[in-house]
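# Understanding the architecture of this molecule
Residue-level listing of the chains:
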Amino acid sequence: MTLTESAPQDPGGVEAGRECRIAQIGVGIGLASLVALTLLFWATDLDLTLVAGIHGREAASWPLARKFPWRILHHHGAWPGLLLGAGALLGWICSLVGFARRSWRGPCLFVVLQVLMGPGLLVNGITKNLAGRPRPYETLPFGGTLPYLRPFEFGNPHQGASFLSGHASMAFLFMGLFFVVKGRPRWAALAGGLAFGLLVGTARVLGGDHFPSDIVLCGAMIYTLAAATRLLSHCGMGRRKDRPAAPGT
């Protein structure tokens, strides 16, 4: 009786499976965060309470928006995300024509897609145009003429562009690097992207342009989108690689 030796595991397959599980967990965390945050802002008046605490005594004054560093973040907080997207596009092009390593191609394309699908399509293309949620300074509680709407309580399309925050979405993009880098840098990207997104979002809230829910739900959506993109691309690739060859090939 002979013992058969088990086939050695493919390190690449093990790593692919691990990355697939990380992406699956990321999608789960993102969706759970979206549901929990939405319920929180529907069950409480947290949006109105937080904005009322920073709104000046005079209507539409928003005094903190003019102070450092919020004034800079308010106007220029999207620039680092734009530079990230432009750098990724350049890296992807260079990898196609041989001026950069081929290994850059996938991560750079991932970042470019996140810019196009997140801030581009999801935020500025869909939610801002269709949700119709008035900005805080446009609402009745803060000197405006339009009613306050909760997140996902849709108003008139093209009337109000508070939901979601375009500036914050560009800042939250850095969280997506968690799914394309390895080791400690991936955790630094996740924590740094979250912190930067919240900072830029806070600046937008202090200026009366967004409610806090516009910011945190934007972050949850950008993270979920990155995890789902990684799951579909990486795990789909893994299944194609593991598929046995057809007879006769």
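Everything that follows concerns the structure shown earlier in this document.
Remember, predicted model here, so these are calculated numbers, not experimental data.

Reading the values: rules and limits
- Residues numbered from 1 in each chain as written.
- Predicted model: local features only at pLDDT ≥ 70, side-chain atom pairs only at ≥ 80, totals over all residues.
- Heavy atoms only, no water.
- Bend = angle between axes of the 7 residues up to and from the residue.
- Helix = DSSP H or I, 4+ residues; strand = E, 2+ residues; numbered from the N terminus.
- Buried < 20%, exposed > 50% of the residue type's maximum accessible area, 1.4 Å probe, protein only.
- Core = buried A, V, L, I, M, F, W, Y, C linked by side-chain atoms within 4.5 Å.
- Contact = heavy atoms within 4.5 Å.
- Expected span 1.5 Å × (residues − 1).
- Arc of directions from axis to C-beta.
- Polar contact = N/O pair within 3.5 Å; in protein donor to acceptor, adjacent residues only side chain to side chain.

## Side note on helix α5 (residues 105-130)
- Helix geometry: α5 is bent most strongly at Leu-121, by close to 40 degrees.
- Among the residues of α5, those classed as buried are Cys-108, Phe-110, Val-111, Val-112, Gln-114, Val-115, Gly-118, Pro-119, Val-123, Thr-127 and Lys-128.

## Things to note about the nonpolar core
- Counting 43 residues, the largest nonpolar core has Phe-110, Val-111, Phe-163, Leu-164, Phe-172, Phe-179 and Cys-218 as its most contacted members.
- When contributions to this core are tallied by element, the ones reaching two or more residues are α1 (11-43), α2 (46-54), α4 (79-97), α5, α6 (166-172), α7 (184-206) and α8 (212-242).
- With nine residues, α8 is the single largest residue contributor to this core.
- When residues no more than four places from it in sequence are discounted, the contact partners of Phe-179 are Glu-19, Ile-22, Ala-23, Gly-26, Phe-110, Arg-186, Tyr-223, Ala-226, Ala-227 and Arg-230.

## Side note on α4
- The terminal C-alpha atoms of α4, which comprises 19 residues, lie 27 Å apart, in line with the 27 Å expected from a rise of 1.5 Å per residue.
- Considered for burial, the residues of α4 that qualify are Gly-81, Leu-84, Gly-85, Ala-88, Gly-91 and Ser-95. Each buried residue of α4 lies within a common arc of 125 degrees when the element is viewed along its axis, so the set occupies one face. Exposed side chains of α4 directed beyond 90 degrees from the buried face belong to Trp-79, Leu-83, Leu-90 and Val-97.
- Turning to α4, the residues buried within the fold contact α5 and α6.
- Within two residues after α4, Gly-98 carries a phi angle of roughly 90 degrees, on the positive side.

## Re the environment of Ser-213
- Relative to the assigned elements, Ser-213 resides in helix α8.
- When the C-alpha atoms of Ser-213 and Pro-151 are compared, they prove to be 6.8 Å apart, with 62 residues separating the residues in sequence.
- Setting aside residues no more than four positions away along its own chain, Ser-213 makes contact with Phe-41, Asp-47, Arg-133, Pro-151 and Cys-218.
- At 2.5 Å, the side chain of Ser-213 and the side chain of Asp-47 are in polar contact.

## A closer look at the environment of Asp-45
- Inspection of the secondary structure assignment puts Asp-45 in the loop between α1 and α2.
- Judged by its relative accessible area of 42%, Asp-45 falls in the partly exposed class.
- When the C-alpha positions of Asp-45 and Arg-150 are compared, they lie 9.1 Å apart, and in sequence the two are 105 residues distant.
- Looking at Asp-45, its side chain comes within polar contact range of the side chain of Arg-150, at 3.0 Å.

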